[in-house]
Amino acid sequence: MIHNNISVLDNGHLAFADADVVELAKKYGTPLYLIDENKIRENCRKYKSTVEKYFGSESLPLYASKALCYKDIYRIINSEGLGIDVVSGGELYTALSVGFPAEKVYFHGNNKTEFEITYALDNNIGCFVVDNFDELYFLNDEAAKRGVVQNILLRLSPGIDPHTHRAVVTGNVDSKFGLPIETGQAFEFVSAALNCKNINLEGIHCHIGSQIFDKYPFTDAAKNMLDFALLVKNELGYSFKKINLGGGIGVRYVESDSKSDIDEIMCEIKNELDELVSERGLDKPIFLFEMGRYIAANAGMTLYTVGSVKEIKGYKKYVCIDGGMCDNPRFALYQSKYTFYNASNANSEPEELGTIAGRCCESGDVLSDEIKLQNFSRGDILAVAVTGAYNYAMSSNYNRVPKPAMVSISNGNERLVVKRQTYEDIIANEI
Ligand code: LLP
């Protein structure tokens, strides 16, 4: 099995977090998102202890909550002692609604609205990751009106290509995120921030991309960030207290993906960083990280009911399900690979090539294209593994399909954490 929270029961059904998923599908209906709460906690603990081991207890490990955002996850993240990154007023509102401590919130986004900025200021969030000059000056003015000095980091692009899918690369020079070091704009950005009276510049931030399996993109980015820190120290006599290197550690979706070990990768990053810092004679900054996928991905599974199995003679076999790009747009967007199981008959061997077709009205709505699958027939439950990150978070009501429910499983007990949308919910805001 692709992760250790998936197994097969004596009755031949698939189990997730030790729960019979066919029974869950019967009880709650499909499509259904499942969350293994113990796995989220295990991932948080591993991440937190690794960050503490290599970067000290001053480094607050952050969860990038865009990966999976719903009320209960902020309770879990808070109880595990992590901070969060939010990218919108909506994520911030969700976190605050369950009492997430505002001082542990980092607010990202390349075009925060004025409403979002003032909303976050009024709620005393810990840190803004400022993307551009317009935001910097607006934030400074609003902080002045409130008589506060706001902690910020500046979002920079270090000019690194991590060789992952182009849609999730963010640290390249011409990125829409932040300002680049290479063009000299990052330096002007720092000078400007230092001149803002109601801004406390704590440091700099970069995020190079997502689903990265080796250390080099991180250490290459860190090298450019530290060269920049040295330039700022020499030219402006200012030392950054914090350098946030973002998220991006890769997760195993299919057997051919490597098993990424956060301890190994963080250890290598730390060793390189120590060397880079001492070579440059810099005061050691606090290094921060913000992992999303690593925390949530393997804590999720999605269940669907197979409606029809259709063979286009001489061409393709389609296994048609009651969800698709509306609850998981990742194949349509990035051709992302997944591992699929026939949860009703989990011991059967993969037999022939098939395509998992979603229910939406377009041909691009598939979850895989021609991969070796177990045999499926109408009524079987199809389980997709590793769907905790960027699935529910990216779901839509395309074709007016209601969003699935989400059930969280913890120590053998399951509980509904997100209700299934109804048709009334879908038209609720329409006049
Ligand atoms: N920090 C920043 C500033 C980010 O933009 C992101 C992700 C993260 C942290 C967390 O990265 P992670 O650890 O999750 O790789 N929808 C795409 C992924 C987009 C990632 C966006 N930014 C997908 O489904 O693959």
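(A) Representation of the overall build of the protein. Each helix and strand counted, the protein has twelve helices and 22 strands in total. In terms of C-alpha radius of gyration, the protein reaches 23 Å, essentially the compact-globule figure of 22 Å for 431 residues. Expressed along its principal axes, the backbone C-alpha trace of the protein runs to roughly 70 × 50 × 40 Å. A buried classification covers 57% of the 431 residues belonging to the protein. Considering only contacts in the protein between residues 6 or more positions apart, those separated by 24 or more positions represent 69%. Accessible surface computed for the protein: about 18400 Å², of which carbon and sulfur atoms make up 47%.

(B) Structural context of the site of the ligand. Within the structure, the ligand sits among 19 residues, and S210, E290, R293, R330 and Y390 are positioned closest to it. Between an oxygen atom of the ligand and a side-chain N or O atom of S210, the distance comes to 2.4 Å. Backbone polar atom of R293 to an oxygen atom of the ligand: 2.8 Å apart, as the coordinates give it. Alone, the ligand offers 580 Å² of accessible surface; in the complex the protein occludes 91% of this. Looking at the shell around the ligand, the elements with two or more residues in it are β14 (290-291) and α11 (330-334).

(C) Representation of empty space enclosed by the protein. Following the criterion strictly, the structure yields three cavities of 30 Å³ or more and no others. The volume enclosed by the largest cavity comes to roughly 70 Å³. Here the lining of the largest cavity is composed, by residue class, of seven nonpolar, one polar and two charged.

(D) Seen up close, the pairing of strand β9 (residues 150-157). Taken across its eight residues, β9 has seven buried, putting it largely inside the fold. For strand β8 (residues 127-130) and β9, the ladder comprises three bridges, and the chain directions are parallel. Across the sheet, residue V130 finds its bridge partner in β9, namely L154. Handedness of the β-α-β unit built from β8, helix α6 (residues 133-146) and β9 comes out right-handed. Two elements, β9 and strand β11 (residues 199-205), share six bridges in a ladder whose sense is parallel. Residue pairing in the sheet places R155 in a bridge with H205 of β11. Sheet topology places β9 next to strand β10 (residues 179-180); two bridges connect them, and they run parallel. Bridging from a neighbouring strand, S157 pairs with P180 of β10.

(E) Spatial organisation of the packing of helix α2 (residues 37-55) against helix α9 (residues 262-279). Packing of α2 against α9 brings their axes to within 10 Å, and their N-to-C directions diverge by 25°. Viewed along their axes, α2 and α9 adopt a mutual orientation that is roughly parallel. You can see that α2 and α9 cross each other, and the crossing is right-handed. On the side of α2, the interface is formed by K46, Y47, T50, V51, K53, Y54 and F55, while α9 contributes I262, D263, M266, C267, I269, K270 and L273. In terms of residue class, the contact of α2 with α9 is made up of nine nonpolar, one polar and four charged.

(F) The packing of aromatic side chains, seen in detail. Across all of its chains, the model carries twelve aromatic pairs by this definition. Relative to F287, the ring of F55 lies with its centre 6.1 Å away and its plane at 70°, an arrangement referred to as edge-to-face. Placement of the pair is F55 in helix α2 and F287 in strand β13 (residues 286-288), with a sequence separation of 232 residues. Their ring planes at 75° and their centres at 6.0 Å tell us that Y238 and F240 sit as a pair that is edge-to-face.

(G) Just the side chain of N132, in detail. Take N132: it is sitting in the loop between β8 and α6. Classification of N132 by relative accessible area gives buried; the value is 18%. Residues in contact with N132, not counting those within four places in the same chain, are N110, L179 and F189.

(H) Up close: the domain arrangement of the protein. Under the domain assignment used here, the protein contains domain 1 (6-36 + 297-427) and domain 2 (61-291). Facing the 19 residues of domain 1 at the interface are 13 residues of domain 2. In this assembly, domain 1 packs against domain 2 so that about 1400 Å² is buried in total across both faces, 63% of it on carbon and sulfur atoms. Per-residue buried area on domain 1 facing domain 2 is highest for Y334, V386 and Y390; these three make up 31% of the total on that side. At the junction of domain 1 and domain 2, the tally comes to one salt bridge. At the surface where domain 1 touches domain 2, the tally comes to three residue pairs in polar contact (both at pLDDT 80 or more). Of all the secondary structure elements, the ones that give two or more residues to the side of domain 1 that touches domain 2 are α11 and β22 (413-418). Classifying every residue of the side of domain 1 that touches domain 2 gives 13 nonpolar, three polar and three charged.

(I) Quick peek at the sheet that holds strand β2 (residues 14-16). A sheet is described by the order of its strands in space; here three strands give the open sequence β1-β2-β3, paired in antiparallel fashion. Edge strands, defined here as strands with exactly one partner in the open sheet, are β1 (6-8) and β3 (19-20). Looking at chain direction, β1 and β2 are connected through three bridges and run antiparallel. Paired with S7 across the bridge in β2 is A15.

(J) Here's a closer look at the pattern of salt bridges. Counted according to the given criterion, the structure contains 28 salt bridges. Ionic pairing is found between D122 and R146, a salt bridge with its closest N-O pair at 2.5 Å. In this pair, D122 is assigned in helix α5 (residues 114-122) and R146 in helix α6, connecting sequence segments 24 residues apart. For D122, a relative accessible area of 48% corresponds to the partly exposed category. As a salt-bridge pair, K317 and E352 come within 3.4 Å of each other at their nearest N and O atoms. Separated by 35 residues along the polypeptide, K317 in strand β16 (residues 316-321) and E352 in strand β18 (residues 352-357) bring together distant segments of the chain. Given the relative accessible area of 36%, E352 is considered partly exposed. Connected through shared salt-bridge partners, E37, R41, R45, D72, R75, E80 and R415 make up one network.

Cut-off values and rules
- Residues numbered from 1 in each chain as written.
- Predicted model: local features only at pLDDT ≥ 70, side-chain atom pairs only at ≥ 80, totals over all residues.
- Heavy atoms only, no water.
- Helix = DSSP H or I, 4+ residues; strand = E, 2+ residues; numbered from the N terminus.
- Rg over C-alpha atoms; globule rule 2.2 N^0.38 Å.
- Buried < 20%, exposed > 50% of the residue type's maximum accessible area, 1.4 Å probe, protein only.
- Contact = heavy atoms within 4.5 Å.
- Areas by Shrake-Rupley, 256 points an atom, 1.4 Å probe, with all protein chains shown as cover.
- Near = heavy atom within 4 Å.
- Polar contact = N/O pair within 3.5 Å; in protein donor to acceptor, adjacent residues only side chain to side chain.
- 1 Å grid on protein atoms, 1.4 Å probe; cavity = no way out; pocket = protein on both sides within 12 Å on 5 of 7 lines; lining within 4 Å.
- Points joined across faces, edges and corners; volume = space filled by probe spheres on them.
- Nonpolar A, V, L, I, M, F, W, Y, C, P; charged D, E, K, R; others polar.
- Pairing = 2+ DSSP bridges.
- Right-handed = clockwise from strand over helix to strand, strands pointing away.
- Axes fitted to C-alpha atoms, helices over the stretch in contact; angles between N-to-C directions.
- Parallel < 35°, antiparallel > 145°, perpendicular 65-115°, else oblique.
- Left-handed = near helix turned anticlockwise from the far one by under 90°.
- Phe/Tyr/Trp six-rings, centres within 6.5 Å; stacked < 30°, edge-to-face > 60°.
- Domains from an automatic or database assignment.
- Buried area = accessible area lost by both parts, 1.4 Å probe.
- Salt bridge = Lys/Arg side-chain N within 4 Å of Asp/Glu carboxyl O.

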